[in-house]
Amino acid sequence: MQRPIYPSFRSVLADNDVVRVAGANHALGGLLAEEAGFQAVWSSSLEVSASRGLPDASILSMTEYLEAAANIQKVLRIPVVADCDTGYGGNLNVGHMVHEFEAAGITGLCLEDKLFPKMNSFVAGGQTLLGTKEFAKKIKIAKEAQASKETFVIARTEALISGLDVDAALERCRTYADSGADAVLVHSKVKTRDQVVGFLDGWDFRVPVVIVPTTYPDWHIDDIRQAGVSVVIYANQGLRATVSALRDTYRSVYENGDTTALEGSIASVKDIFALQGLDAWQKLDS
């Protein structure tokens, strides 16, 4: 059975005015995102951590995050963008990270400008940033370490998350772009799009802009496109939907004593077989 041939994230970005990316933490989630029409999958550190029952706080190792991203990429015909947090340590760790993710076929890598160990952006309390020059050095090392011209490095600023203003976010992202970043991700946790729009108004688009509209969910894709955004990541909606669905399903089974009430609304076993590619596997043994 042949492994799927998939395009690089760089080529997908070149072929789409806006790339829509869905968060996932395992291969089945990636398959469902691809089925829905998304052009790429975000191997989310929040989702991968949560799938292990752990906080998104640099507890898991690079190898564990790499395994999750690689398992997703193996079954897809769309690229994976790996949420690589702060690069799993210092500058040399970043170089090693690039080598390992490239070897696993991951063409999109995202690094954020917080200190290691990081804490999830939506956790209450302060977020400590790495110095602008120090993070720019990480980006430079990531680009120098890459072996493939297809590897695409996204520099993510947490300036707005940490309480700095739009000008600070712009200054950081200009430095990151000048250091070789292929795109910048501006992240905000306010409940409106105002900060991100302010960033876009001040950005010169020397490289593409990526956004994650978790706390401002009402921004329609058509308006996002018109604002000049190149990539939008729906980073954790799949995880949140899974938690709700499993909670309701398990409660229903336990409280009702049978599964009759569920059978009309849950996937069939035949559907699962199709997602597994069972027919193709059976042909190998025919």
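Below is a summary of the structure that appears in this document. Computed from a predicted model, the values in this text were never measured in an experiment.

### Digging into the overall build of the protein
Alright, step 1. The number of helices and strands found in the protein is twelve helices and eight strands.
Alright, step 2. Radius of gyration (C-alpha) of the protein: 20 Å, near the 19 Å computed for a compact globule of 286 residues.
Alright, step 3. The principal-axis extents of the C-alpha atoms in the protein amount to approximately 60 × 40 × 35 Å.
Alright, step 4. Counting only residues that meet the buried cut, the protein has 48% of its 286 residues in that class.
Alright, step 5. Entry remark: accessible area of the protein is about 13,900 Å², with carbon and sulfur atoms responsible for 54%.
Alright, step 6. Here the protein carries 27 positive and 36 negative side-chain charges, and the mean point of each set is 3 Å from the other.

### Considering the sheet that holds strand β1 (residues 19–24)
Alright, step 1. Within the closed barrel, the eight strands sit side by side as β1-β2-β3-β4-β5-β6-β7-β8. Their pairing is parallel. On average, each strand axis in the sheet is tilted by 25 degrees relative to the strand beside it, whichever way the strands run.
Alright, step 2. Contacts between helix α7 (residues 166–178) and the sheet are confined to β5 (152–157) and β6 (183–186), with β5 contributing the most and set at about 160 degrees to the helix.

### What about helix α6 (residues 132–145)?
Alright, step 1. The first and last C-alpha atoms of α6 sit 20 Å apart over 14 residues, in line with the 20 Å expected at 1.5 Å per residue.
Alright, step 2. Of all the residues in α6, the buried ones are F135, A136, K138, I139, I141, A142, K143 and A145.

### Some points on the environment of R172
Alright, step 1. Here R172 is to be found in helix α7.
Alright, step 2. The class of R172 is buried, set by a relative accessible area of 9%.
Alright, step 3. For the pair R172 and T242, spaced 70 residues apart in sequence, the C-alpha separation works out to 35 Å.

### As for the nonpolar core
The tendency in soluble globular proteins is for nonpolar side chains to be buried side by side.
Alright, step 1. Residues V41, C84, M97, F101, I106, L109 and L111 are the most contacted members of the largest nonpolar core, which totals 39 residues.
Alright, step 2. Top element by residues in this core is helix α4 (residues 62–74). It accounts for seven residues.

### Quick word on the packing of aromatic side chains
Any aromatic ring pair is given by two values, namely how distant the centres are and how the planes are angled relative to each other.
Alright, step 1. Tallied over the entire structure, the rule returns seven aromatic pairs.
Alright, step 2. On the basis of an interplanar angle of 25 degrees and a centroid distance of 5.9 Å, the ring pair of Y65 and Y88 is categorised as stacked. With Y65 in helix α4 and Y88 in the loop between β3 (80–83) and α5 (91–103), this pair connects stretches of sequence that are 23 residues apart.
Alright, step 3. With relative accessibility at 3%, the residue Y65 sits in the buried group.
Alright, step 4. Residue classification places Y88 among the buried positions, given a relative accessible area of 12%.
Alright, step 5. When the ring of F135 is compared with that of Y176, the centres are 4.7 Å apart and the planes differ by 70 degrees; the resulting orientation is edge-to-face. Of this pair, F135 sits in helix α6 while Y176 sits in helix α7, and the two are 41 residues apart along the sequence.
Alright, step 6. For F135, a relative accessible area of 0% corresponds to the buried category.
Alright, step 7. For Y176, a relative accessible area of 0% corresponds to the buried category.
Alright, step 8. For the cation-ring pair, R206 lies above W203, with the distance from its terminal atom to the ring centre recorded as 6.0 Å.

### So, the pairing of strand β2 (residues 40–43)
Alright, step 1. Side-chain alternation along β2 places A40 and W42 on one buried face and V41 and S43 on a second face that is also buried.
Alright, step 2. Where β1 meets β2, four bridges bridge the pair, whose relative direction is parallel. Across the sheet, the residue bridging to A24 is S43, located in β2.
Alright, step 3. Taken together, β1, helix α2 (residues 27–36) and β2 form a β-α-β motif whose crossover is right-handed.
Alright, step 4. Pairing of β2 with β3, which is carried by three bridges, proceeds in the parallel orientation. Residue pairing across strands places S43 opposite A82, the latter belonging to β3.

### Looking at the side chain of R172
Alright, step 1. At 2.9 Å, the side chain of R172 forms a polar contact with the backbone oxygen of L130.
Alright, step 2. Excluding residues that lie within four positions of it along the chain, R172 makes contacts with D113, L129, L130, G131, T132, T157 and A159.

### Some remarks on the pairing of β5
Alright, step 1. Most of β5 sits inside the fold, with six of its six residues counted as buried.
Alright, step 2. A two-sided burial pattern is seen for β5, the buried positions comprising F152, I154 and R156 on one face and V153, A155 and T157 on the other.
Alright, step 3. In terms of strand pairing, strand β4 (residues 108–112) meets β5 through five bridges, oriented parallel. Residue L109 lies in a different strand from β5, and its bridge partner there is V153.
Alright, step 4. For β5 and β6, the ladder comprises four bridges, and the chain directions are parallel. The residue bridging I154 from the neighbouring strand is A183, located in β6.

### Thoughts on a nonpolar patch on the surface
Alright, step 1. Together, V269, I272 and F273 make up an exposed nonpolar region whose accessible area comes to about 260 Å².
Alright, step 2. For F273, the location among the structural elements is in helix α11 (residues 269–275).

Rules behind the numbers
Residues numbered from 1 in each chain as written. Predicted model: local features only at pLDDT ≥ 70, side-chain atom pairs only at ≥ 80, totals over all residues. Heavy atoms only, no water. Helix = DSSP H or I, 4+ residues; strand = E, 2+ residues; numbered from the N terminus. Rg over C-alpha atoms; globule rule 2.2 N^0.38 Å. Buried < 20%, exposed > 50% of the residue type's maximum accessible area, 1.4 Å probe, protein only. Areas by Shrake-Rupley, 256 points an atom, 1.4 Å probe, with all protein chains shown as cover. Lys, Arg positive; Asp, Glu negative; His and termini not counted. Charge placed at Lys NZ, Arg CZ, Asp CG, Glu CD. Pairing = 2+ DSSP bridges. Axes fitted to C-alpha atoms, helices over the stretch in contact; angles between N-to-C directions. Contact = heavy atoms within 4.5 Å. Expected span 1.5 Å × (residues − 1). Core = buried A, V, L, I, M, F, W, Y, C linked by side-chain atoms within 4.5 Å. Phe/Tyr/Trp six-rings, centres within 6.5 Å; stacked < 30°, edge-to-face > 60°. Lys NZ or Arg CZ within 6 Å of the ring centre and 35° of its normal. Right-handed = clockwise from strand over helix to strand, strands pointing away. Polar contact = N/O pair within 3.5 Å; in protein donor to acceptor, adjacent residues only side chain to side chain. Patch = residues over 30% accessible without salt bridge, like charges linked within 9 Å, V, L, I, M, F, W, Y side chains within 5 Å. Salt bridge = Lys/Arg side-chain N within 4 Å of Asp/Glu carboxyl O.

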